[in-house]
Every structure is written in structure tokens, then in C-alpha cells.
Amino acid sequence: MKKTTATFKQAKADGKKLTMLTAYDYSTAALVDGAGIDGILVGDSLGNVMLGYEDTISVTMEDMIHHGAAVARGAKDCLVVIDMPFMSYQESIEEAVHNAGRLMKEGRANAVKLEGGASVAAQIKAITDAGIPVMAHLGLTPQSINAFGGYKVQGKTEAAAKKLLEDAKVVEEAGAFAVVLECVPSALAAMVTKSLSIPTIGIGAGSDCDGQILVYQDLLGMFSDFTPKFVRRYAEIGAAMKDAFKAYIADVQSGAFPAPEHGYKIADEVIEKLY
Ligand code: KIV
């Protein structure tokens, strides 16, 4: 059965942990969805792991629509959330609603995600009022990397922790159906989780969040530019891929591939007539 924002709400009420992973293409989305995940995020982390940028700043609406639509075709049962890229919602409420609408109509998202707290509450309200579910994102918000001065844990001082708690309440009030907490001390994430009626989805935010999300390349060992402390690797697919690529190269070079069974037959008389 198709999972919806109502599934997320019910999971919090039932104390059932929510599971999310990123995906950026049809085949991976089908695999993740088939494994029984609750939600896929088409994250703007695609700038890092799919497009090779050093941050998410250059990711465009076209990138998100292109990858989002592919994921939506592959994900039959889970909730598909597409990230709003940098500067697609910050400038004005009208632009935020317009771009969220494009992610729904052209990307076939079930919900959108955007980064920030009180500063984007008006956008969250307007998008939600337009009938588009919004997932908020607090803590380390990578689109603000230049303002943060690096990928650092957020909410560690009393003032920063208070602001994060306040922002969480503001985004809930503005209508967000869930909130991602990224790189937030575990005890603070637990407090936020307790104080909200919407689910928190943690990434580097400890085990007391209502759910967890990871970038799938991190979980599978497919991205080696950097690996955050909060990642657990469940497989070494990157190494397995490299070994397979090496074996293919060696087979082609030695003539072991393709073998006769990989070719197509033609009647001998046809070939003879060509001489
Ligand atoms: O872009 C992304 O993948 C994200 C997750 C890390 C939460 O925002």
C-alpha cells in the first residue's frame, strides 16, 4: 500500500521508527522501495554524490525534477520527497510555491523538503496551504555551508540549542509534516523529538529521533570523497563494483569476454553468400 504523510504521522503516534534513504535514479529507487523503506528523499546531495560538486549550492530545479521524476517512476510504495534546491524558495513566497508546485507536477513528488526554521516559516505555510506537504530540515543545513563555515555539528551552545528547539516548533506550527535533524547532539535531538507532534528524521542526531535517513552511497561504501562519523556501512558495494570493472577489463583484454554464448547466430549459408 502506498505510504503517505499520514503513515508518517501514524508511525509517531505508534512509536514505530520511520526509515528513509536517498535515491536519485529509477533502478536504485526500485531497489530501495522494494526493500520496504517508508520514504525516499531525492536529496540535493545529488550535487555531491551524483554530479561531483563539492557542495549543494549549484544544484538546479532542472536537476531535481530530472532525478525526482526518475525516482518517482521506480518507487511504487514509499513516500517520495524531493528537495527544493538552493535559492528556489528563499527569495520570495510566490517563487517558493511555484517551485514546490513544479517538483510535484514535473517531478511527481509526494512532498518537498526545504532547509531552515523561522526564516522560511512563511514559505512552509504558503506551500502547505497550496496542498503540498513540506518536510523541514534543521541543524546542519548544507545549503548554508558558506554561512556555517564548514560541515559542523549544530546546536551545541545554549543559545544555538534554544534556537533549534524554537525553530522546530515554528516549522511544526507552519505546517511541516516532519522535520529532518542533521548533525545535532543526540540529547538535543531527543528533546526536539519529545516536544513535537510531527516526526523527527535524524541523520547524525542519535537514536531517539522518530526515524533515520542516510545517503545510500554512504551506507553502501560507494562514495569516498568523505564519510561522516554518523554513517554505518552495510556493504562494500564500491569495492565490489571496482573488482567487477577490473574483471571485465581483464576479460575483454584477454578475449575471455564475450564468449560464444553472448553472441547471436546467423545461418552459415547467409555468411557464405557474402564471400
Ligand atoms: O540532500 C540530502 O540528501 C539531505 C539528507 C542528508 C537529509 O538533505
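Described below are features of the structure shown in this document. (Residues numbered from 1 in each chain as written. Predicted model: local features only at pLDDT ≥ 70, side-chain atom pairs only at ≥ 80, totals over all residues. Heavy atoms only, no water.)

### A short note on the state of the cysteines
Selection rule: To count as a disulfide, a pair of cysteine sulfur atoms needs to be within 2.5 Å. Burial classes: relative accessible area under 20% of the type maximum marks a residue as buried, over 50% as exposed, and values in between as partly exposed (1.4 Å probe, protein chains only).
Under the criterion given, the structure shown has zero disulfides. Among the cysteines around cysteine 183, which has no disulfide bond, cysteine 209 carries the closest sulfur, lying 11 Å off. Residue cysteine 183 is classed as buried on the basis of its relative accessible area, which comes to 12%. By relative accessible area, which is 0% here, cysteine 209 ends up buried.

### What about the pattern of salt bridges?
What counts, and what does not: Basic side-chain nitrogens of Lys or Arg form a salt bridge, by our definition, when they fall within 4 Å of a carboxyl oxygen of Asp or Glu. Helix and strand definitions here come from DSSP, where helices need a minimum of 4 consecutive H or I residues and strands a minimum of 2 consecutive E residues; each element is numbered from the N-terminal end.
As enumerated under the stated definition, the model contains nine salt bridges in all. Put simply, lysine 3 and aspartate 38 hold a salt bridge, and the shortest N to O gap is 3.3 Å. Here aspartate 38 lies in the loop between helix H2 (26-34) and strand E2 (39-42) and lysine 3 lies in the segment before helix H1 (5-14), a separation of 35 residues in the sequence. A relative accessible area of 3% places aspartate 38 in the buried class. Between arginine 102 and glutamate 62 there is a salt bridge whose closest N-O contact spans 2.9 Å. Placement of arginine 102 in helix H5 (residues 93-105) and of glutamate 62 in helix H4 (residues 61-74) is noted, with a sequence separation of 40 residues between them. For glutamate 62, a relative accessible area of 47% corresponds to the partly exposed category.

### Observations concerning the environment of valine 170
Applied cut-off: It only takes one pair of heavy atoms within 4.5 Å for two residues to be counted as in contact.
Mapped onto the elements of the fold, valine 170 is located in helix H8 (residues 158-174). Residue classification places valine 170 among the partly exposed residues on the basis of a relative accessible area of 29%. For valine 170, the contacting residues outside a window of four places in its chain are Ala118 and Ala121.

Bear in mind that shape data such as this cannot, by itself, settle questions of function.
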